[in-house]
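Chain by chain, the residues:
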Amino acid sequence: MPDLFGTYLNYNFPEPQYLGAKYIHRGWIAENIPDDVQTIFDAFGGSQSIAYFMKQLEKKTITNDFLCFNSQIGKALIENSHEKLTSTDVSVLLSPNSRPEHFNLMENLFSNLFFTVEEAKFLDAFRSNLEYLENEYKKALAFAIICRSMTRKVTMGHFAHTRALVYAANPKRIQRNRSLCRPIEDIFMELLPQYNAAVFDNGKENYSYNQNTLDLLPNLSGIDLVYFDPPYCNSHADYQSFYHLLETFVMYWKDKKFT
Ligand SMILES: C[S@@+](CC[C@H](N)C(=O)[O-])C[C@H]1O[C@@H](n2cnc3c(N)ncnc32)[C@H](O)[C@@H]1O
């Protein structure tokens, strides 16, 4: 519902921790959007912080990212207008692993590397149960929240280093970031109300895509403005290596050779 001033600025985007996120620059970016722009395409959505602000400004918002875990945030908070996770959904998600013979990828790949065996098993169980949520928006919300919980759990919020467990046992680091030693389930439960509260309907049909922008762009029409925020040339911003674990969790690849 719009606020007294007819805007949706009373909703809050859950604060991201994502390489190159423009969250803190959203006000400046918005100032540079001509008033007559109705439909905006965020071609490199990333954390979706800018797409979310466009949605708040009542624009029809189309967002895209070639990483599936990012496009799931877009489904959860941009395309989704009303679906939230209920306590019944949470009970489903936190149930024991429904198919342990299939859902064991996190345990097999990442135990004792990024997570303890117990945490990795928890993630596999959560992933198995996510399949039982009743629609794509609830699933997207569950993905968005659990992925954010995982980045909260590792130092620097990315997976391009393999020191997560060493850091998680270091009292000085824990003092600076208590999440390092908290169970993922607790972090998930803490974030859940923030994500549920961020779901809103701006009266437009918004979309979140998961494609290479170069392929998608020629197929879109009716766009007034495109916001391009690609990875920077010659920087170390290799999104696949920084966030491989989140993409593996969402895609749940069983047919890839991991080296
Ligand atoms: C600088 S970040 C965007 C940050 C975003 N504006 C935010 O506020 O979070 C660039 C994003 O582009 C995505 N990306 C890179 N190449 C792409 C491509 N060819 N098609 C779609 N997305 C791409 C990356 O996955 C990454 O999330």
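In this report, we go over the structure that sits alongside the text. For clarity, every value in this text was computed on a predicted model and none was experimentally measured.

**Some points on the nonpolar core**
Link 1 in the chain: Judged by nonpolar contacts, the single largest core of 55 residues is most densely connected at L77, F115 and M150.
Link 2 in the chain: Among the elements of the structure, helix 2 (49–56), helix 3 (68–79), helix 4 (87–93), helix 5 (105–110), helix 6 (117–130), helix 7 (136–153), helix 10 (184–197) and helix 12 (239–251) are those that each provide at least two residues to this core.
Link 3 in the chain: Among the elements that line this core, the one with the most residues is helix 7, at nine residues.
Link 4 in the chain: In this structure, I29, I33, I50 and L225 belong to the second largest nonpolar core, which totals eight residues.

**So, the site of the ligand**
Link 1 in the chain: Taken together, 22 residues sit near the ligand, with Y18, K22, S47, D65 and D229 positioned nearest.
Link 2 in the chain: A distance of 3.2 Å is found between a nitrogen atom of the ligand and a backbone nitrogen or oxygen belonging to F66.
Link 3 in the chain: At 3.4 Å, a side-chain N or O of N70 approaches an oxygen atom of the ligand.
Link 4 in the chain: Burial of the ligand by the protein chains amounts to 95% of its free accessible area of 610 Å².
Link 5 in the chain: Judged by the fraction of its atoms near the pocket grid, the ligand is located in the largest pocket.

**Brief notes about the packing of aromatic side chains**
Link 1 in the chain: In total, this model carries 19 aromatic pairs according to the counting rule given.
Link 2 in the chain: Plain terms: the ring middles of F110 and F114 are 5.8 Å apart, the flat faces sit at 65 degrees to each other, and that makes the pair edge-to-face.
Link 3 in the chain: The exposure class of F110 is buried, given its relative accessible area of 6%.
Link 4 in the chain: Ring plane angle 55 degrees and centroid distance 6.2 Å describe the contact between F242 and Y243, whose orientation is recorded as tilted.
Link 5 in the chain: Residue Y243 is classed as buried on the basis of its relative accessible area of 3%.
Link 6 in the chain: What links up through ring pairs into an aromatic cluster is the set Y8, Y11, F13, Y23, Y52 and F200.
Link 7 in the chain: Its guanidinium or amino end placed over the ring of F53, R26 lies 5.9 Å from that ring's centre, counting from NZ or CZ.
Link 8 in the chain: Its guanidinium or amino end placed over the ring of F200, K55 lies 4.5 Å from that ring's centre, counting from NZ or CZ.

**Quick look at the layout of surface pockets**
Link 1 in the chain: Quantified by volume, the largest pocket comes out at close to 390 Å³.
Link 2 in the chain: Every residue lining the largest pocket is counted, 30 residues in all, and those nearest its centre are F44, G46, D65, D229 and P231.
Link 3 in the chain: Counting residues per element, the ones that place at least two in the lining of the largest pocket are helix 2, helix 11 (213–216) and helix 12.
Link 4 in the chain: Per-class residue counts for the lining of the largest pocket are 15 nonpolar, eleven polar and four charged.

**Some points on the pattern of salt bridges**
Link 1 in the chain: Scanning the model with the defined rule gives nine salt bridges in all.
Link 2 in the chain: For the salt bridge of K138 with D89, the shortest nitrogen-to-oxygen distance reads 2.6 Å. Residue K138 is found in helix 7, and its partner D89 is found in helix 4; the two are separated by 49 residues along the sequence.
Link 3 in the chain: Put simply, E190 and R182 hold a salt bridge, and the shortest N to O gap is 2.9 Å.
Link 4 in the chain: Overall, E190 belongs to the partly exposed group, its relative accessible area being 33%.

**Some points on the environment of H158**
Link 1 in the chain: Relative to the assigned elements, H158 resides in the loop between helix 7 and helix 8 (164–168).
Link 2 in the chain: Considered as a pair, H158 and K75 are 83 residues apart in the sequence and their alpha carbons are 22 Å apart.
Link 3 in the chain: Not counting residues up to four positions away in its chain, the partners in contact with H158 are F242 and Y243.
Link 4 in the chain: There is a polar contact of 3.0 Å between the side chain of H158 and the backbone nitrogen of A160.

Parameters at a glance
Residues numbered from 1 in each chain as written. Predicted model: local features only at pLDDT ≥ 70, side-chain atom pairs only at ≥ 80, totals over all residues. Heavy atoms only, no water. Core = buried A, V, L, I, M, F, W, Y, C linked by side-chain atoms within 4.5 Å. Buried < 20%, exposed > 50% of the residue type's maximum accessible area, 1.4 Å probe, protein only. Helix = DSSP H or I, 4+ residues; strand = E, 2+ residues; numbered from the N terminus. Near = heavy atom within 4 Å. Polar contact = N/O pair within 3.5 Å; in protein donor to acceptor, adjacent residues only side chain to side chain. Areas by Shrake-Rupley, 256 points an atom, 1.4 Å probe, with all protein chains shown as cover. 1 Å grid on protein atoms, 1.4 Å probe; cavity = no way out; pocket = protein on both sides within 12 Å on 5 of 7 lines; lining within 4 Å. Sits in = over half its atoms within 2 Å of the grid points. Phe/Tyr/Trp six-rings, centres within 6.5 Å; stacked < 30°, edge-to-face > 60°. Lys NZ or Arg CZ within 6 Å of the ring centre and 35° of its normal. Points joined across faces, edges and corners; volume = space filled by probe spheres on them. Nonpolar A, V, L, I, M, F, W, Y, C, P; charged D, E, K, R; others polar. Salt bridge = Lys/Arg side-chain N within 4 Å of Asp/Glu carboxyl O. Contact = heavy atoms within 4.5 Å.

Purely geometric stuff here, so don't read any function into it on its own.
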